[in-house]
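# Secondary and tertiary structure notes
Residues per chain, in single letters:
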Number of protein chains: 2
Amino acid sequence: MNDIFLRACRGEKTLPVPVWFMRQAGRYLPQYQEIRGKADFLTMCKTPELAAEVTLQPVDLLGVDAAILFSDILIPLEAMGAELAFKEGRGPVITPPVRSWDEFSALHSIDPIKDVPFVLDTIKLLRKELSGKVPLIGFAGAPFTLATYLIEGGTTKSFVNIKKMLFSQPDLFRAVMNLITDVTISYLSAQIDAGAQAIQLFDTWGGILTRQDFRDGALVYARRIFNSLREKGVPMIYFVYDGGHLLDFVRLSGADVIALDWRTDIEKALVPLGKDAVVQGNLDPCLLFLPEERLRERIAEILRQGLLARAHIFNLGHGVLPEIPPEKVKLAIDIIHELSS
Amino acid sequence: MNDIFLRACRGEKTLPVPVWFMRQAGRYLPQYQEIRGKADFLTMCKTPELAAEVTLQPVDLLGVDAAILFSDILIPLEAMGAELAFKEGRGPVITPPVRSWDEFSALHSIDPIKDVPFVLDTIKLLRKELSGKVPLIGFAGAPFTLATYLIEGGTTKSFVNIKKMLFSQPDLFRAVMNLITDVTISYLSAQIDAGAQAIQLFDTWGGILTRQDFRDGALVYARRIFNSLREKGVPMIYFVYDGGHLLDFVRLSGADVIALDWRTDIEKALVPLGKDAVVQGNLDPCLLFLPEERLRERIAEILRQGLLARAHIFNLGHGVLPEIPPEKVKLAIDIIHELSS
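What you see as residue numbers is a count from 1 along each chain, following the sequence as written. Here chains are named by letter from A upward and ligands by number from 1 upward, in the order in which they appear as written. Only residues with pLDDT of at least 70 get local features here, since the model is predicted, and only at 80 or more are side-chain atom pairs given and counted; chain-wide, interface and lining totals rely on the full set of residues.

### Thoughts on the overall build of chain A
Put simply, DSSP marks the helices as runs of H or I at least four residues long and the strands as runs of E at least two long, and each gets a number from the N terminus on. Along the backbone of chain A there are 16 helices and nine strands. Only the C-alpha atoms count toward the radius of gyration. The rule for a globule is 2.2 Å times the residue count to the power 0.38. Against the 2.2 N^0.38 benchmark of 20 Å for 341 residues, chain A shows a C-alpha radius of gyration of 19 Å, consistent with a compact globule. Oriented by its inertia axes, the alpha-carbon framework of chain A measures out at about 55 × 45 × 40 Å. Comment: burial labels come from other C-beta atoms within 10 Å of the residue's own C-beta, placed from the backbone, where a count of 20 or more is buried, 12 or fewer is exposed, and between is partly exposed. A buried classification covers 54% of the 341 residues belonging to chain A. When contacts within chain A are restricted to residue pairs at least 6 apart in sequence, long-range pairs at least 24 apart make up 74% of them. By the convention adopted here, residues make contact when the C-beta atoms placed from their backbones lie within 7 Å.

### Considerations on the packing of helix H9 (residues 143-152) of chain B against helix H10 (residues 160-168) of chain B
Residues and elements named next belong to chain B. Orientation is described by lines fitted to C-alpha atoms, with helices fitted over the stretch in contact, and by angles between N-to-C directions that extend from 0 to 180 degrees. Their axes nearest at 8 Å, the elements H9 and H10 cross at an angle of 105 degrees. Regarding the angle of H9 to H10, the classification is roughly perpendicular. Within the contact between the two elements, H9 uses Ala147, Thr148, Ile151 and Glu152 and H10 uses Asn161, Ile162 and Met165. Residues belonging to the contact of H9 with H10 are distributed by class as follows: four nonpolar, two polar and one charged. By definition in this entry, angles of less than 35 degrees are roughly parallel, angles greater than 145 are roughly antiparallel, angles of 65 to 115 are roughly perpendicular, and the rest are oblique. By the convention adopted, Pro, Cys, Tyr, Trp, Phe, Met, Ile, Leu, Val and Ala count as nonpolar, Lys, Arg, Asp and Glu as charged, and the other residues, Gly among them, as polar.

### Considering the sheet that holds strand S1 (residues 67-68) of chain B
DSSP bridges decide pairing: two strands pair if at least two such bridges lie between them. Read across the sheet, seven strands follow the order S1-S4-S5-S6-S7-S8-S9 (chain B) without closing on themselves; strand pairing throughout is parallel. In this open sheet, the two edge strands, each paired with only one partner strand, are S1 and strand S9 (311-316) of chain B.

### Some words on the pairing of strand S8 (residues 278-283) of chain B
All names here are of chain B. Counting buried residues in S8 gives six out of six residues, a clear majority hidden from the surface. As paired elements, strand S7 (residues 257-259) and S8 share three bridges and run parallel to each other. Along S8, the bridge assignment pairs Ile258 with Val279. Note on handedness: a clockwise path from strand one over the helix to strand two, with the strands aimed away from the viewer, defines a right-handed crossover. On the question of chirality, the crossover connecting S7 to the parallel S8 by way of helix H14 (residues 266-273) is right-handed. Where S8 meets S9, six bridges bridge the pair, whose relative direction is parallel. When the bridges of S9 are listed, Val279 appears paired with His312.

### Comments concerning unusual backbone geometry
Of note, the bond from B:Leu15 into B:Pro16 is cis; its omega dihedral lies within 30 degrees of zero at -5 degrees. Looking at the secondary structure, you find B:Pro16 in the loop between helix H1 (4-9) and helix H2 (30-36). With an omega of -10 degrees, the peptide bond running from B:Gly281 to B:Asn282 counts as cis. Assignment of secondary structure puts B:Asn282 in strand S8. Phi is positive for A:Phe159, close to 55 degrees, though the residue is something other than glycine. With respect to the helices and strands, A:Phe159 occurs in the loop between helix H9 (143-152) and helix H10 (160-168). We classify A:Phe159 as partly exposed; it has 18 C-beta atoms within 10 Å.

### Thoughts on helix H14 (residues 266-273) of chain A
Three or four residues apart is the spacing at which side chains of an α-helix point the same way, because the helix has 3.6 residues per turn. Residues and elements named next belong to chain A. All of the buried residues along H14 are Ile266, Ala269, Leu270 and Leu273. End-on, the buried residues of H14 take up no more than an arc of 110 degrees, which puts them together on one face. Tucked inside the fold, the buried residues of H14 contact helix H13 (247-250), strand S7 (257-259), strand S8 (278-283) and helix H15 (292-306). Gly274 sits one or two residues past H14 and shows a positive phi near 90 degrees. Arc definition: it is the arc formed by the directions from the helix axis to the C-beta atoms.

### Here's the deal with the interface of chain A and chain B
Facing the 22 residues of chain A at the interface are 22 residues of chain B. When residues of the side of chain A that touches chain B are assigned to their parent elements, the largest contribution, five residues, is made by H10(A). Here the residues of the side of chain A that touches chain B sort into eight nonpolar, six polar and eight charged.

### A closer look at the relation of the copies chain A and chain B
For the match of chain A to chain B, the screw axis carries a shift of 0.0 Å, the RMSD comes to 0.0 Å, and the turn is 180 degrees. This pairing of chains is accounted for by a two-fold axis. Both copies contact each other with a shared surface, as 100% of the interface residues of chain A are interface residues in chain B too. For this overlay, a least-squares fit was computed on C-alpha atoms, restricted to residues scoring pLDDT of at least 70 in both copies.

### A short note on the environment of A:Thr95
Along the polypeptide, A:Thr95 turns up in strand S3 (residues 91-95). On a C-alpha basis, the gap between A:Thr95 and A:Ala222 in space is 25 Å, while along the polypeptide they are 127 residues apart.

### Some remarks on the sheet that holds S8(A)
Residue and element names in this part refer to chain A. Spatial ordering of the open sheet is given by S1-S4-S5-S6-S7-S8-S9, a layout of seven strands whose pairing is parallel. The open sheet has two free edges, formed respectively by strand S1 (67-68) and strand S9 (311-316), since each of these has just one partner strand. Relative to strand S4 (residues 136-141), helix H8 (residues 117-130) is tilted by about 155 degrees, and along the sheet it contacts S1 and S4.

### Observations concerning the environment of B:Pro18
Residues and elements named next belong to chain B. Secondary-structure assignment places Pro18 in the loop between H1 and H2. Taking the C-alpha atoms as reference, Pro18 lies 8.8 Å from Leu6; in sequence the two are 12 residues apart. Setting aside residues up to four positions removed in sequence, Pro18 forms contacts with Ile4, Phe5, Ala8, Asp65, Ala66, Ile313 and Phe314.

### Points about the pairing of S9(B)
Residue and element names in this part refer to chain B. Summarising burial for S9: six of the six residues are buried, a large majority. On S9, burial covers both faces: Ala311, Ile313 and Asn315 on one face and His312, Phe314 and Leu316 on the other are all buried. A crossover connection joins S8 to the parallel S9 through helix H15 (residues 292-306); in handedness this β-α-β unit is right-handed.

### Things to note about helix H12 (residues 211-229) of chain A
Residues and elements named next belong to chain A. Here H12 spans 25 Å end to end across 19 residues, near enough to the 27 Å set by a 1.5 Å rise per residue. Working definition for bend: take the seven residues up to and ending at a residue and the seven starting at it, fit an axis to each, and measure the angle between the axes. Along its length, H12 reaches its greatest deviation from straightness, about 45 degrees, at Leu219. Of the residues making up H12, those classed as buried are Asp213, Phe214, Gly217, Ala218, Leu219, Tyr221, Ala222, Ile225 and Leu229. On its buried side, H12 packs onto H9, H10, helix H11 (170-194), strand S5 (198-203), strand S6 (236-240) and H13. For a helix, the expected span equals 1.5 Å multiplied by the residue count minus one.

### Concerning the environment of A:Leu179
Residue and element names in this part refer to chain A. You can see Leu179 is positioned in helix H11. Residue classification places Leu179 among the buried positions, given that 20 C-beta atoms sit within 10 Å. Sequence separation between Leu179 and Pro272 is 93 residues; the distance between their C-alpha atoms is 30 Å. Excluding residues within four positions of it along the chain, Leu179 makes contact with Leu107 and Ser109.

### So, the confidence of the model for chain A
When pLDDT is averaged along chain A, the result is 97; 100% of the residues meet or exceed 70. The ipTM assigned to the predicted complex is 0.96, against a pTM of 0.97. Across the chain, each position has a pLDDT score giving the predictor's confidence in that residue, from 0 to 100.

### Some words on the packing of H8(A) against H11(A)
Residue and element names in this part refer to chain A. Put simply, H8 and H11 touch, their axes get as near as 8 Å, and they point 30 degrees apart. As summarised for this structure, H8 and H11 are arranged roughly parallel, according to the angle between their axes. As for how H8 packs across H11, the hand of that crossing is right-handed. When H8 is examined against H11, the residues Val119, Leu120, Ile123 and Lys124 are found in contact with a partner set consisting of Ala190, Gln191 and Ala194. For the contact of H8 with H11, the class distribution of residues is five nonpolar, one polar and one charged. Handedness of a helix crossing follows the sense of rotation of the near helix relative to the far helix, less than a right angle counterclockwise being left-handed and clockwise being right-handed.

Written as structure tokens, this is what we have:
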């Protein structure tokens with residue numbers, strides 16, 4: 001088995017450096033588009049055969065060192081009683097947005113085995129089909145990020161509704177966050193029990209907060225998740241997108257691996273994280289548009305900085321974009337393996 | 001004349017600390033809405049009497065220590081030949097987006113006196129009506145930010161088109177940036193000649209770049225603007241939104257004042273900026289939803305950190321949102337003045 005990803009998660013410098021890409025299973029791949037042509041996005045998430053098939057595509061096509069479950073961070077919100085739809089060109093929409101105690105009272109905790117069996121079945125199927133080729137990563141959205149979708153009712157530019165609740169209805173905010181945190185613990189726990197060999201917590205929106213508000217309104221909940229899951233014994237990765245200003249707090253999260261977006265150079269991030277941090281990242285996905293020679297230089301620079309950490313898992317600083325040519329994704333992975341061998 | 005804003009810009013610690021808020025003239029004010037009900041947004045920008053009237057509203061209603069020209073950063077793009085429209089719920093739309101040499105060749109330099117006379121007339125009118133009450137700030141978008149709108153054709157979440165051009169058509173990117181830089185220099189120069197007593201360069205999207213790409217693809221152009229305008233002798237403010245990872249480069253921009261969004265604490269920002277920096281900022285606009293007592297604590301903390309800098313101008317970390325109650329904006333300004341007197 002190719003276990004360089006798991007070894008790096010545990011703090012070992014590996015040869016080569018392991019690589020996987022966020023959203024490596026996705027719209028940029030024609031093989032994904034083929035399946036997506038037959039089923040809508042939520043159906044794909046909820047059909048283990050389809051979800052497993054697209055999860056495996058990048059493993060076979062690109063040679064990544066880990067597979068990540070194909071799913072969506074909003075799946076648990078739907079299981080909690082929120083009405084979720086994906087509208088073309090608008091992204092996810094949650095109706096009604098949760099902005100009052102009344103709307104909150106319609107939400108409930110989940111039993112993953114009963115409420116999201118398709119996720120657990122996908123994981124079991126994947127472990128069988130991967131048969132030890134590469135490890136499988138499970139994931140969930142961090143509470144603050146899920147609460148953002150729940151309270152805003154979808155994507156937003158101003159985050160005014162969640163911040164308004166945080167600042168003017170702190171009791172309701174805490175109730176929402178605590179429920180999501182409980183759900184996320186049982187959701188990730190079930191993923192690990194089903195076979196996920198590592199987990200990543202995606203805090204896509206934690207980075208919109210001031211330091212103080214991130215610490216008090218987001219980190220404490222993420223910490224509770226990592227603390228609860230530690231006994232499960234699988235590596236845990238925390239990704240706070242656009243969280244460069246929060247890294248000294250992120251260090252305290254209890255995660256084993258800190259994932260970085262492209263804004264913060266690894267070398268700079270190691271100041272607040274400490275040199276003994278295991279880091280994951282952090283090529284700007286758009287750098288995949290570079291011609292090969294310049295792409296190689298940028299990858300080499302990230303690998304150089306990654307050597308300064310205790311261990312390094314190569315990744316993008318955000319998900320692969322639909323516009324990126326798949327051959328460039330493959331080329332990047334080959335270069336990463338070549339340069340770090 | 002209330003000159004505490006200009007004195008702080010020049011590095012003097014003032015009593016009280018001067019305050020103005022980005023987008024202090026805007027949709028949150030019923031008095032603004034009244035005018036907006038009679039004219040669309042672009043018409044307001046282009047009618048000196050209307051633009052001057054809304055510019056003055058917050059000076060009279062809120063007691064801010066500086067007025068800022070009511071306009072839009074995209075006005076010069078329209079003058080350069082881009083077709084600009086503001087669509088309800090979609091924000092600005094530029095047709096066609098500039099993504100090829102052909103589309104670029106349709107753009108041209110501007111003569112502010114001939115091409116944007118309404119901006120200069122608004123400034124002249126404002127200086128007369130302000131009659132020295134508070135100073136008037138002019139502004140422009142930074143070249144990278146304007147290029148983003150031009151190349152994306154509007155707002156974007158992924159910034160894939162501008163980054164694709166930056167990475168795969170660097171010659172075209174440089175041509176676009178150089179033209180916008182030339183236009184911005186003559187645009188701001190004309191604003192100063194018309195009477196603007198300080199200028200702010202808004203780099204709303206510079207913060208999406210890696211450090212290396214910001215330095216080579218954005219900062220060099222902003223620097224050229226500040227270097228060209230220095231001889232005009234008015235204070236110059238540089239605001240890179242979400243630019244916490246870039247502050248050591250921002251320090252080299254040549255601006256007199258560095259404006260901070262709410263993510264980076266002033267105390268932390270002074271490490272890369274240096275203790276002799278003059279800073280502006282940085283209350284999260286959503287903190288205006290706090291109850292008075294807690295708002296007071298947060299303002300006090302920012303004032304405390306501002307004292308660590310050479311001088312401090314209080315501002316929000318981003319523009320006032322339409323959802324903020326105007327009485328809370330007034331309250332914040334009163335608290336800032338009270339606590340720093």
